[in-house]
Amino acid sequence: MMNFSKGSKVWIEDRISAWETGEILEISGKLVHAVTTSGKKVSVTREKLLLRDADADHAGVDDLTKLTYLNEAETYTGSILVAVNPFAKLPHLYNVHMMEQYKGAPLGELSPHVFAIGDASYRAMKNERRSQSILVSGESGAGKTETTKLVMQYLTYVGGRAAGDDRTVEQQILESNPLLEAFGNARTVRNDNSSRFGKFVEIHFDASGRISGAAVRSYLLERSRVVQITDPERNFHCFYQLCASGKVAEKHKLDHPSNFRYLNQSKTYELDGRSNAKEYMKTKAAMDIEAIFRTLAAILHLGNIEFSPGKENDSSTTKDKKSIFHLQMAAELFMCDEKLLLATLCTRSIKTREGNIVKELDREAAAAGRDALAKTVYARLLVQKVNKSLGQDTNSKMQIGVLDIYGFECFQKNSFEQFCINFANEKLQQHFNEHVFKMEQEYSKEKINWSYIEFIDNQDVLDLIEKKPVGIIALLDEACMFPKSTHATFATKLFQSFKDHPRLAKTKFSQTDFTVSHYAGKAGHVTYQTDIFLDKNRDYVVVEHCNLLSASKCSFLAGLFPSESDASSKSSYKFSSVASRFKQQLQALMESLKATEPHYIRCVKPNSSNKPHKFESPNVLQQLRCGVINKVRMSRGAKRAEK
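Residues numbered from 1 in each chain as written. Predicted model: local features only at pLDDT ≥ 70, side-chain atom pairs only at ≥ 80, totals over all residues. Heavy atoms only, no water.

Under an unreviewed UniProt entry, the name given to the protein chain is Myosin motor domain-containing protein, and the organism recorded is Papaver somniferum. Reading the Sequence similarities (unreviewed entry) entry of the UniProt record for the protein chain gives the comment "Belongs to the TRAFAC class myosin-kinesin ATPase superfamily. Myosin family." (UniProt positions renumbered as here; feature names shortened; annotations may be inferred.)

Engineer: I would appreciate a short explanation of helix α8 (residues 276-286) in the present structure.
Structural biologist: The periodicity of an α-helix, 3.6 residues per turn, causes residues three or four places apart in sequence to face the same way. Along α8, the residues that are buried comprise N276, E279, Y280, T283 and A286. The arc that holds every buried residue of α8, seen down its axis, measures 125°, which confines them to one face. Projecting away from the buried face of α8 at angles above 90 degrees are the exposed residues K278 and A285. Of the surrounding secondary structure, the elements contacted by the buried residues of α8 are α5 (169-184), α6 (237-243), α7 (247-251) and α9 (290-303). (Buried < 20%, exposed > 50% of the residue type's maximum accessible area, 1.4 Å probe, protein only. Helix = DSSP H or I, 4+ residues; strand = E, 2+ residues; numbered from the N terminus. Arc of directions from axis to C-beta. Contact = heavy atoms within 4.5 Å.)

Engineer: For this particular structure, what's the right way to read unusual backbone geometry?
Structural biologist: The phi torsion of most residues other than glycine is negative, and most of the peptide bonds are trans. Geometrically, the link from D231 to P232 is a cis peptide bond, its omega value of 10° lying close to zero. With respect to the helices, strands and loops of the structure, P232 is situated in the loop between β12 (211-219) and α6. In this structure, P469 follows K468 across a cis peptide bond, with omega equal to 0°. Looking at the secondary structure, you find P469 in the loop between α14 (459-466) and α15 (472-480). For D314, which is not a glycine, the phi torsion comes out positive at approximately 55°. Along the polypeptide, D314 turns up in the loop between β13 (307-309) and β14 (316-318). For N610, which is not a glycine, the phi torsion comes out positive at approximately 55°. Looking at where N610 falls in the secondary structure, it is placed in the loop between β23 (597-604) and α21 (617-627). Among the residues examined, N610 registers a relative accessible area of 28% and is labelled partly exposed.

Engineer: Explain the pattern of salt bridges here, please?
Structural biologist: If you walk through the whole model with that rule in mind, you get 30 salt bridges. Ionic pairing is found between R225 and E222, a salt bridge with its closest N-O pair at 2.8 Å. Taking relative accessible area as the criterion, R225 reaches 4% and is therefore assigned buried. When its relative accessible area of 16% is taken as the criterion, E222 is described as buried. (Salt bridge = Lys/Arg side-chain N within 4 Å of Asp/Glu carboxyl O.)

Engineer: Which parts of the structure should I look at to understand the packing of aromatic side chains?
Structural biologist: To describe a pair of aromatic rings, one takes the distance between the centres and the angle between the planes. A full pass over the atoms with the stated rule returns 18 aromatic pairs. Seen from their ring centres, Y154 and Y157 are 6.5 Å apart, and the 45° between their planes marks the pair as tilted. Within this pair, Y154 and its partner Y157 are both found in helix α4 (residues 144-159), separated by three residues, close to a single helical turn. Looking at Y154, the relative accessible area reads 0%, which means it is buried. When the ring of F514 is compared with that of Y528, the centres are 5.4 Å apart and the planes differ by 35°; the resulting orientation is tilted. Pair noted here: F514 is in strand β19 (residues 514-517) and Y528 is in strand β20 (residues 525-528), with a separation of 14 residues, a long-range link. According to the relative accessible area criterion, F514 is buried, its value standing at 0%. (Phe/Tyr/Trp six-rings, centres within 6.5 Å; stacked < 30°, edge-to-face > 60°.)

Engineer: Sorry, what's going on with the pairing of β23 here?
Structural biologist: Residues in a regular strand point their side chains to alternate faces of the sheet. The element β23 is largely enclosed, with a buried count of seven among its eight residues. With five bridges connecting them, strand β7 (residues 80-84) and β23 associate as parallel partners. Opposite V84, over in β23, you have V604 as the bridge partner. Two elements, strand β8 (residues 132-137) and β23, share six bridges in a ladder whose sense is parallel. Counterpart to L135 in the pairing with β23 is Y600. (Pairing = 2+ DSSP bridges.)

Engineer: What is the right way to look at the side chain of Q132 in this model?
Structural biologist: Along the chain, Q132 falls in strand β8. Not counting residues up to four positions away in its chain, the partners in contact with Q132 are S121, A124, M125, Q399, I400, G401, T596, E597 and H599.

Engineer: When you look at the UniProt feature "binding site: ATP" (unreviewed entry) in the protein chain in this model, what are you seeing that I'm missing?
Structural biologist: According to UniProt, the feature "binding site: ATP" (unreviewed entry) maps to G138, E139, S140, G141, A142, G143, K144 and T145 in the numbering used here. The contacts of G138, once residues within four sequence positions are left out, are K144, I405, Y406, G407, R602 and C603. Counting through the fold element by element, A142 comes out in the loop between β8 and α4. Here A142 falls in the buried class, since its relative accessible area comes to 3%. The contacts of A142, once residues within four sequence positions are left out, are N85, C603, V604 and K605.

So this is what it looks like as structure tokens:
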């Protein structure tokens, strides 16, 4: 219970600005009368007040929004670092001198800093001989990508070998950053350099604590962006870089992005403060593999192939000379037969007892097949080749994993991506709960006074989402396997199956939207629009596409499509569930994280306009409620026990 009295300096809860500073004028019964710094008089209950730090006005600040620099706008809650994106370059805070300052310094001895978390994880790994993990989360634009790069920069500094090798593993790790950004990041409405996938970078160390290898696992790549974008967003950065590559672009018959269908759906081709040509040089330095650029160019030409009705009913063929040129270029770059490429786009083969039947495709189906091929090639390119470029050390006994993954999302419109992202956050919240519970057991065992903080067990939400045979993902997969299913029939089955579930509700104004009560309290009530859930969950792999590219004369491309026996398959289409695959990936990630000691960095976006020195309190409070406040309470309990 806080002791308030006349003259006490307080924080006063405010509906618009979240909290305002003020002073108590008098206390009468249950009401406290106070005046804010702006001169507004208020009468509130004690629950709406918090005591301010009496020394703050003289010795520092107790309001982080008054601080200017990023390392000063970082704070610890227990061992969690909360970092506010400054929307400005501050190189003096992240140079070698700063890394040297934090090297070996106990956590909390120096100002809060991302290097302090990096150092704490490295020292714990060396001292305890146990793998560590650093979990970086936050909404789009909060600074996750930059924070992850800084963590990796610090780990390669403390774990790097003496210079001598032509290209050391730590150089490869640092060079993987522009590579991952080029292939996995894009401009969105909220962020010019938004990661469109989650990633777990495992840095491997030898027995002496030196870096010996690394690996990258990627999660939930936004494949649809390869073929479909909206203004003013952009496709993945690598396509624009390739178009600005000079002689390489000329060689592959590429020119301005406005001439390619996969890029000109939005009129945004350049980004403020970034040169496509300079970024291309960084990507090339990290991965000078000519076949990768050939493959990217082939995807752009593939997107420019248009179809018109063929001679037969429901058949299709190339629309005009321009489309024929792009078909020829795509075939040349894929290093496959042009006629065979056209056949795989315009027909499908169906196995019957009597033999194979070739089915003609109409122009809509041909265009859909073209886009499916582009997405499949791109996804395999990112996942397999970026990982291979780093060089894993399979003999390593100690690792530090850095997880850069989307924070909890709740927008005006929430679709399949938000559902998967929030499912991931439910998993991570459960991991945090288990970590704190384990800590509580250790304190109880050692008879240390533990200030227990109750938290909400979210197992029921996870069961709702992933349990078989009746969970949201299982019902979605079932709907995707029936051609006549629609989002309406999926929603009906969902509401029938979970009629009385406390975590799932039907919305008032829609028959097909559903609301899930996630772990984040009131801020975690998310309404999902199901209209394109089925389309986004269907990941059809076309057998003919795989056969075509596995026979490519380009060994690099053929390696992305190893031959598969399809003798048992009656259909050309192999359905693969995006949500089920993501669920399996998350399970593997959780197993990896359970074997490590976790450290947490929560990135916060201070304003929606991406401007420095601007702080929107309600927006920040929403982010903290979604990802930090429960962690703060539990960590604070643990911290008190340690004392």
